[in-house]
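Chains, contacts and geometry: an overview
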Amino acid sequence: MGGRENYRNPCLTMHQPWASLLVHGIKRIEGRSWPAPIRGRLWIHAAGKVPEPETIRAMEEFYREIYAVHGITDIKFPEHYPVSRLLGCVEVVGCLRREELVCWKDVPEAARLEGLTDFCWLCEHPQKLLVPFEMRGYQRVYNLEKRIFEAAVRGLSPVEGPQPVKFPLPDPRDPFSLKPGSLALDHVGPRASEVKKPPSLSAAIAGARAAATQFSKDHEQRSLEFENTVRKVKVSDLNETKYLESTSTELNGRVPSVSNWRPLNRNQADDREEDNRAHYVGNDSRQRQHRIRELNETGAPKILAAALRGLSPQ
């Protein structure tokens, strides 16, 4: 996806618990396999998959450990991780490759430890909706519907995360200056891998990676099952089409062609017309009798008389 698409109210669908952790200011780096196409406000939508309790525990433990590097132990995690809901928004201020983020000395170590994917979206100023509301999400970044945006923007509340980060921009006049490959060499510090990690932190990072990897496998499996279903439907449609074609061919062999049809003679046409007239007259008589019964039940003699005049044969 390119760099400067025209998004009015961009929204990103994320799976839980990552979506709520981002909106609550605990998660500050959104990892993707592709660079961020926007700068500025990004709405966050929680996908419909209910998170496994093991996944929630692994991610909460991961953030407990990385914040403990700075002595931060009082972290208020979300009480609930709702799905199929618009949760709030964040400000995307830049995007870096993982190799750049983990070496960026101007960023707290805890934020650098969040860099676990190829591209890292740098997020600030989280805001959550006081009442998350249900909506449908889509893949990648998409525009939020106008009516949803107008309703949501009035219900935002700022969130103070455990350790807000202000990511410095190389060029404040260019919002896209902080992009992959943009960091100068003097920003580079010791690699995160060179920093000695306690066993609990290493275990938490491994757990977070495992949770994300397991989710990716589940997602790939569901995609494969969906593709197989679509393939079966296509085969079924193809078989049905062949059946209809063969049935049509068989019927064409049984029904005489139009050129073999003989027109009705005059006597036959007159008989057909007389039958049709009798049919419609019979229908007209039944309708008139039904209308008379209805009007008698309502006790409306004047309406009855008018109706009889209107239904009288000409």
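The structure this text deals with has already been given above.
So, here's what we can say about the structure. (Residues numbered from 1 in each chain as written. Predicted model: local features only at pLDDT ≥ 70, side-chain atom pairs only at ≥ 80, totals over all residues. Heavy atoms only, no water.)

Examining the state of the cysteines
Linking two cysteines covalently via their sulfur atoms produces the bond known as a disulfide. Scanning the model with the defined rule gives 0 disulfides in all. You can see cysteine 120 has no disulfide; the closest cysteine sulfur is in cysteine 95, sitting 7.3 Å from it. (Disulfide = S-S within 2.5 Å.)

Notes on the side chain of arginine 28
With respect to the helices, strands and loops of the structure, arginine 28 is situated in the loop between helix H1 (18-23) and strand E2 (29-32). Looking at arginine 28, its side chain comes within polar contact range of the side chain of tyrosine 67, at 3.4 Å. Of the polar contacts made by the side chain of arginine 28, one reaches the backbone oxygen of glutamine 163; its length is 2.9 Å. (Helix = DSSP H or I, 4+ residues; strand = E, 2+ residues; numbered from the N terminus. Polar contact = N/O pair within 3.5 Å; in protein donor to acceptor, adjacent residues only side chain to side chain.)

Thoughts on the pattern of salt bridges
Pairing is possible between side chains of opposite charge, provided their charged atoms come close. Taken as a whole, this structure holds 10 salt bridges when the rule is applied. In this structure, arginine 64 and glutamate 60 form a salt bridge, with 3.8 Å as the shortest nitrogen-oxygen distance. Of this pair, arginine 64 and glutamate 60 both sit in helix H2 (residues 53-68), separated by 4 residues, roughly a single helical turn. For glutamate 60, a relative accessible area of 13% puts it in the buried group. Between glutamate 134 and arginine 85 there is a salt bridge, and its shortest N-O distance comes to 3.9 Å. Here the residue glutamate 134 occupies a position in strand E5 (residues 119-134), and arginine 85 occupies one in strand E4 (residues 85-97), the gap between them amounting to 49 residues. Each of the salt bridges in this network shares a partner with another, and the network as a whole consists of Lys27, Glu30 and Arg32. (Salt bridge = Lys/Arg side-chain N within 4 Å of Asp/Glu carboxyl O. Buried < 20%, exposed > 50% of the residue type's maximum accessible area, 1.4 Å probe, protein only.)

A few points about the nonpolar core
If you look at the biggest cluster of nonpolar residues, it comprises 40 residues, and the most contacted ones within it are Leu42, Ile44, Met59, Tyr63, Ile66 and Trp121. Elements with a minimum of two residues in this core: strand E1 (10-14), H1, strand E3 (40-46), H2, E4, E5 and helix H6 (199-254). With 7 residues, H2 is the largest single contributor of residues to this core. For isoleucine 66, the contacting residues outside a window of four places in its chain are Ala110, Leu113, Glu114 and Leu201. In this structure, Val107, Leu122, Phe167 and Leu183 belong to the second largest nonpolar core, which totals 13 residues. (Core = buried A, V, L, I, M, F, W, Y, C linked by side-chain atoms within 4.5 Å. Contact = heavy atoms within 4.5 Å.)

Interpretation note: all reported values are geometric properties and have no functional meaning in isolation.
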